[in-house]
Amino acid sequence: MIQFIDGNEALVQGALKAGCNFFAGYPITPATPILLSMMTELPARGETAIQGEDEIASIGFCIGAAMTGKKALTATSGPGLSLYSENIGLAIMGEVPLVIVDVQRLGPATGSATKDASMDIQFVRWITSGGYPAIALAPSSVEDCYLLAIHAFNYAEKYRTPVFILSSKEIGQTRMRVDLDLLTTPAIIKRESASQSQNGKVKSVSFNNSSFQPICTVGGDELSRFTGSSHDEYGNLTKSPGMIEKLNEHLNTKINPEEVALWEYSGPDLPETLIISYGIVSRSVNQALKTGSYSGVGHLILKTLWPVPETILLKYLSSADTIIIPEMNNGQYALEIERLKRHDSTLISIQQVNSELLAPERITEALKEVSHV
Amino acid sequence: MSELQTYFKPEVKSLPFCPGCGHTTNLSHLDKAMKLINADPKRTVIVTDIGCVGLSDQYFDVHAFHGLHGRSITYATGIKLANPELNVIVLMGDGGCGIGGNHIVNAARRNVGITVMVFNNFNFGMTGGEHSVTTPFGGLTATTHSGNIEAPLDIIGLAQVCGAGYAARMTTFDKELPSIMAEAMTYKGFAILDIWEFCTAYYSPRNDMDKQSMIAISETHNLPFGILTNRTDRTEYTVALKNQEAKTLKSAPDLNQRFDQLLDQKIELVLSGGAGQKIKSTAAILGQAAILSGGFASQKDDYPITVKTGYSSAEVIISPENIDYTGMTAPNAALILSIEGYNKEKSKLVAMKAGSVIFMEESLPEFETEATVIRKPFEAIAKKIDRNSVALVGLGALLAKTKWLSRESVESAIGISQKAAYLEMSLKALKAGWELESQA
């Protein structure tokens, strides 16, 4: 079916397709339409959506509901994400499946509320005290919002962790023609609850990264223990250095970067010049490449930003003498590429933070510069 | 369910709190209260806050949830919303009432069916006896060496003015505390207990606390004991939520191609006017008409936060091909309907190149541009039909002149997106605009 919808609407459709049955959020431009839409969609399905008194309460509701068996979603923008921070730490420590949408807007603090930027890239990576890996997906189109919402719920379920969707104002609030039926969507991972106790006790989590076990549901038939403190596999507080090490090792390594790596590539197998993009800027690159004729240029669009999809990056970086990475921030992802690229290659970091979209001409200029070298 | 002897875990021989700490007594009262209501452990959740009280959940054979400081009420609310059948108990200290006071306010306002028990010992016991929001005037703590100069928070008074269904202030020494706890847990709505107790490590020795001084604090600060609120006039939140009528979902229109594609180039159009001129909906009609004609479209709206005043603008791209970049610095078409829209988009209008076209309300100011400017009395024409449909009059004229889209495709888009009440008027406005240019 052909629709004329924006990324926020597509994201809601994707979340519902993934089985989202709980939403809590607080109004904030440009993420508010997701709240409004979920407040209509979920009650019509007999499920719950609620506007919290602030972002702290909203994510708190989501964490409680998620551990009670719900597939929970929340949506905000940078200032709200700042308030989510402490509870994201709890969600990582307590291994809570949760999808967090950040419809990014420009700047620290209030910034430019209605202007596009991709300035929360490193923020979501390092958002909690103590560190630990996060999964962050970045749509570059309305279709991606739908598709990545489904992937995000799947990853959240599989790895029992918060998953970020880094949308932005331009993607979230610009309507485009889409036909979501044409997209190939992954199978939905359903929530399973732990039902079998062993020796009268059920593990809250497993520290074995190769076998993810069902969640012990709050209010379920097996008594659950949830804690944000250092704990053993039964959720009991622990001070044992050995157990604490096991827990933290588990949290640090449980996400398999290969399994969550999403990307698109167009260009030669061995590009001489590699453009790496993500988010809305990918479309400026597409436009630039469409309007000129370039040889030896490859374009890698990253849909997964965290964990860094190193295998695919290394594959295309190995042949590239020049790498161009355009970003609507001050080069937040360029440093990740810097550490992976061949040391004798040149990295051109195109940066723009002025409330306007990064124009295709800036890519064209960089490509001209390269061909002159 | 058979009656349990105790809700404490069988391996629990003693609790970890300091000798004389009220937490030990309170937890034994809670155990008794759960026995009084014959609580099903599998349907009971203890959510603890941070502080010494945060150690409590792990000693009980019920569901246990230990989160962050001050946020326990939010997790409890989420749990209750997700599964209203559960008996959800929050154990928090007076510290949590400071950092998480906002959640007390809002849980009480909602009257969500959770039970909050505040173990109030007038200071932060876990971190070394600092003053809290409930430290009495003059109270000596690690951070109020010369006596507290801040007014103590009346937790129950706060909950009451916020609409809490059940609120009581007790001391840990009250014989009836287990039955009050039981009553709070079975209350259908938000219940909060402010339970005063000793912190034998810090507050009590520093302030020579005994039972008498608790009574003195109660009297001097006007913080009475007893069940202070037990309302029957409020519906519990999850019940109220269920009783609400859900909005009927609208099915999204299918925009499969129905009309011939007339467009042979990408058009970047800026549509701008004032608040109330239906700029957004007209832009959507334009985009939908292009899609119904087998093309592609994008639409981006822009308006000030004070939505009922000032400009309203939309950038619309229509193209026979897929659209990548949605930025626009020098559009090749514009439709400008009011002075607010003109002022907002003037820099774009001036930048427009030769070969591009600007349709504008004839009364607007003159300006220099390479574009072809066509001025028409849109406002006057619209006034005869519907003042607020001026954008459709303009769109009709623009499309009649440029022939980018067929009139039928726009009429079909109007049919899809306009409410029945506006349909006839909208079609009339489009027709008036269309004829204005096709007659010319």
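Quick caveat, the model's predicted, so the values are computed rather than measured. (Residues numbered from 1 in each chain as written. Chains lettered and ligands numbered in written order. Predicted model: local features only at pLDDT ≥ 70, side-chain atom pairs only at ≥ 80, totals over all residues.)

> Is there a simple way to explain the pairing of strand β8 (residues 174-179) of chain A in this structure?
When a strand is regular, its side chains alternate between the sheet's two faces. Counting buried positions over the six residues of β8 of chain A gives five, a clear majority of the element. Both strand β1 (residues 2-5) of chain A and β8 of chain A contribute to a ladder of four bridges, which runs antiparallel. When the bridges of β8 of chain A are listed, Q3 of chain A appears paired with V178 of chain A. Pairing analysis gives three bridges linking β8 of chain A to strand β11 (residues 296-302) of chain B, with the strands arranged antiparallel. Looking across to β11 of chain B, one finds that R175 of chain A is bridged to Q299 of chain B. (Buried ≥ 20, exposed ≤ 12 C-beta atoms within 10 Å, placed from the backbone. Helix = DSSP H or I, 4+ residues; strand = E, 2+ residues; numbered from the N terminus. Pairing = 2+ DSSP bridges.)

> I'm lost on the sheet that holds strand β7 (residues 166-171) of chain B in this one. Help?
The strands making up a sheet associate through hydrogen bonds between their backbones, and the pairing can be parallel or antiparallel. The mixed open sheet is built from eight strands, whose spatial order is β9(A)-β2(B)-β1(B)-β3(B)-β4(B)-β8(B)-β7(B)-β9(B). The strands lining the two open edges of the sheet, one partner per strand, are β9 (225-227) of chain A together with β9 (226-230) of chain B. Each strand axis lies, on average, 15 degrees off the axis of its neighbour in the sheet, ignoring direction. Note that strand β3 (residues 87-93) of chain B and strand β4 (residues 115-120) of chain B share five bridges and pair parallel. Among the inter-strand pairings, I89 of chain B is bridged to a residue of β4 of chain B, identified as T115 of chain B. Taken strand by strand, helix α2 (residues 72-82) of chain B contacts β1 (44-48), β2 (63-66), β3 and β4 of chain B, and its axis lies near 175 degrees from that of β3 of chain B. (Axes fitted to C-alpha atoms, helices over the stretch in contact; angles between N-to-C directions. Contact = placed C-beta atoms within 7 Å.)

> Could you clarify how one ought to interpret the interface of chain B and chain A in this entry?
Size of an interface: often given as the accessible area lost when the parts come together. Residue-level contacts link 50 residues of chain B with 54 residues of chain A. Sorting elements by how many residues they give to the side of chain B that touches chain A places α2 of chain B first, with eight residues. Taken together, the residues that form the side of chain B that touches chain A break down as 23 nonpolar, 19 polar and eight charged. One ladder, built from three bridges, connects β9 of chain A with β2 of chain B; its direction is parallel. By the bridge assignment, F226 of chain A is partnered in β2 of chain B with F65 of chain B. (Nonpolar A, V, L, I, M, F, W, Y, C, P; charged D, E, K, R; others polar.)

> Would you take a moment to explain the environment of S426 of chain B for this structure?
Residues and elements named next belong to chain B. Positionally, S426 belongs in helix α15 (residues 420-438). Overall, the presence of 27 C-beta atoms within 10 Å leaves S426 in the buried class. S426 sits 420 residues away from T6 along the chain, and the two C-alpha atoms are 72 Å apart. In this view, S426 contacts S389, L392, I414 and Q418; residues no more than four positions away in its chain are not counted.

> Where do I start with the packing of helix α12 (residues 378-385) of chain B against helix α13 (residues 390-402) of chain B in this structure?
Angle between the axes and distance between the axes are the two parameters that describe a pair of packed helices. Residues and elements named next belong to chain B. Viewed as axis vectors pointing N to C, α12 and α13 meet at an angle of 120 degrees, and their least axial separation amounts to 8 Å. Judged by the inter-axis angle, α12 sits oblique to α13. As for how α12 packs across α13, the hand of that crossing is right-handed. Along the contact surface, α12 presents F378, E379, I381 and A382, while α13 presents V390, V393 and G394. In the contact of α12 with α13, the residues fall into five nonpolar, one polar and one charged. (Parallel < 35°, antiparallel > 145°, perpendicular 65-115°, else oblique. Left-handed = near helix turned anticlockwise from the far one by under 90°.)

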